[in-house]
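Structure at a glance
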Amino acid sequence: MKVQAQVALPLPIEQAFALMADLDRWLPEVDESVLSVTRVNDAELGIGAIWTERVKAPVRPMEFRIEFTEYNPPHRMTIATIGPILHGTGVTSFESVGDDETVVRFELDISPRGLGFLLLPIMGSRLRDTEQARFDEVKRLVERGQLVPPPD
């Protein structure tokens, strides 16, 4: 199943990329179901950087492992994610549409694991809405100055 999201951020491409690559900076801020995003290794930000994402779930929190598998600043990055009920690959691409605006496109290709086969029909539309809502919230917070790219 593919999930897509897109947003135009009022940032130069380098800043948009730096912000979106810093997962623990923005992800917990834009999605209340995300309990935490924690960097679990000492790799530099780029290929091999790994995080653990904890999200709310009906019975108990679920953990997902997120790892950069491609890192090509400021144009493209790819993550591999694996969790108890799904795994997938997410590609984020960045396109400058002016000095101070960047279109960010995200495509997540997910496959169910275990009980995920039963839950995917229910989760599918929710995931689509969640990803777009995350990107819309990033834009809102950037516009308000509440979410800023990391310093150079």
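Look above for the structure.
Secondary-structure assignment places Thr 52 in strand E3 (residues 50-55). Among the residues examined, Thr 52 registers a relative accessible area of 18% and is labelled buried. Those residues within four positions of Thr 52 in sequence are excluded, and the remaining contacts are Ser 36, Val 37, Thr 38, Val 40, Glu 63 and Phe 64.

Secondary-structure assignment places Val 91 in strand E6 (residues 86-96). Excluding residues within four positions of it along the chain, Val 91 makes contact with Arg 76, Met 77, Thr 78, Arg 105, Phe 106 and Glu 107.

Mapped onto the elements, Phe 135 comes out in helix H3 (residues 116-143). The spatial distance from the C-alpha of Phe 135 to the C-alpha of Trp 26 is 10.0 Å, given a sequence separation of 109 residues. Leave out the neighbours within four places in its chain, and Phe 135 touches Ala 5, Val 7, Met 20, Val 104 and Phe 106.

Let us look at the packing of helix H1 (residues 13-21) against helix H2 (residues 23-30). Axis separation between H1 and H2 bottoms out at 5 Å; the angle between their running directions is 75 degrees. As judged from the angle between their axes, H1 and H2 are roughly perpendicular. When H1 is examined against H2, the residues Leu 19, Met 20 and Ala 21 are found in contact with a partner set consisting of Leu 23, Arg 25 and Trp 26. A class-by-class count of the residues in the contact of H1 with H2 yields 5 nonpolar, no polar and 1 charged.

As a further point, take the nonpolar core. Generally speaking, a soluble globular protein has its nonpolar side chains buried in company with each other. Counting 37 residues, the largest nonpolar core has Met 20, Trp 26, Phe 94 and Val 138 as the members making the most contacts within it. Examining the composition of this core, we find that 6 residues originate from one element, H1, more than from any other. Not counting residues within four places of it along the chain, the set of residues in contact with Val 138 comprises Leu 9, Leu 19, Met 20, Trp 26, Val 30 and Leu 147.

What follows concerns H2. Turning to H2, its buried residues are Leu 23, Trp 26, Leu 27 and Val 30. Down the axis of H2, the buried side of the element spans an arc of 100 degrees, and every buried residue falls inside it.

With that settled, the discussion passes to the side chain of Thr 81. Inspection of the secondary structure puts Thr 81 in strand E5 (residues 76-82). Of note is the side chain of Thr 81, whose polar atom sits 3.3 Å from the backbone oxygen of Arg 65. Those residues within four positions of Thr 81 in sequence are excluded, and the remaining contacts are Phe 64, Arg 65, Ile 66, His 87, Gly 88 and Leu 108.

A word on the packing of aromatic side chains. On inspection of all chains with the given rule, the structure shows 6 aromatic pairs. An angle of 85 degrees between the planes, with centres 5.1 Å apart, marks the rings of Trp 51 and Phe 68 as edge-to-face. Separated by 17 residues along the polypeptide, Trp 51 in strand E3 and Phe 68 in strand E4 (residues 62-72) bring together distant segments of the chain. Owing to a relative accessible area of 1%, Phe 68 belongs among the buried residues under this scheme. Centroid distance Phe 68 to Tyr 71: 5.3 Å. Interplanar angle 55 degrees. Geometry classified as tilted. Grouped by ring-pair contacts, the aromatic residues Phe 17, Trp 51, Phe 68, Tyr 71 and Phe 94 constitute a single cluster.

Cut-off values and rules
Residues numbered from 1 in each chain as written. Predicted model: local features only at pLDDT ≥ 70, side-chain atom pairs only at ≥ 80, totals over all residues. Heavy atoms only, no water. Helix = DSSP H or I, 4+ residues; strand = E, 2+ residues; numbered from the N terminus. Buried < 20%, exposed > 50% of the residue type's maximum accessible area, 1.4 Å probe, protein only. Contact = heavy atoms within 4.5 Å. Axes fitted to C-alpha atoms, helices over the stretch in contact; angles between N-to-C directions. Parallel < 35°, antiparallel > 145°, perpendicular 65-115°, else oblique. Nonpolar A, V, L, I, M, F, W, Y, C, P; charged D, E, K, R; others polar. Core = buried A, V, L, I, M, F, W, Y, C linked by side-chain atoms within 4.5 Å. Arc of directions from axis to C-beta. Polar contact = N/O pair within 3.5 Å; in protein donor to acceptor, adjacent residues only side chain to side chain. Phe/Tyr/Trp six-rings, centres within 6.5 Å; stacked < 30°, edge-to-face > 60°.

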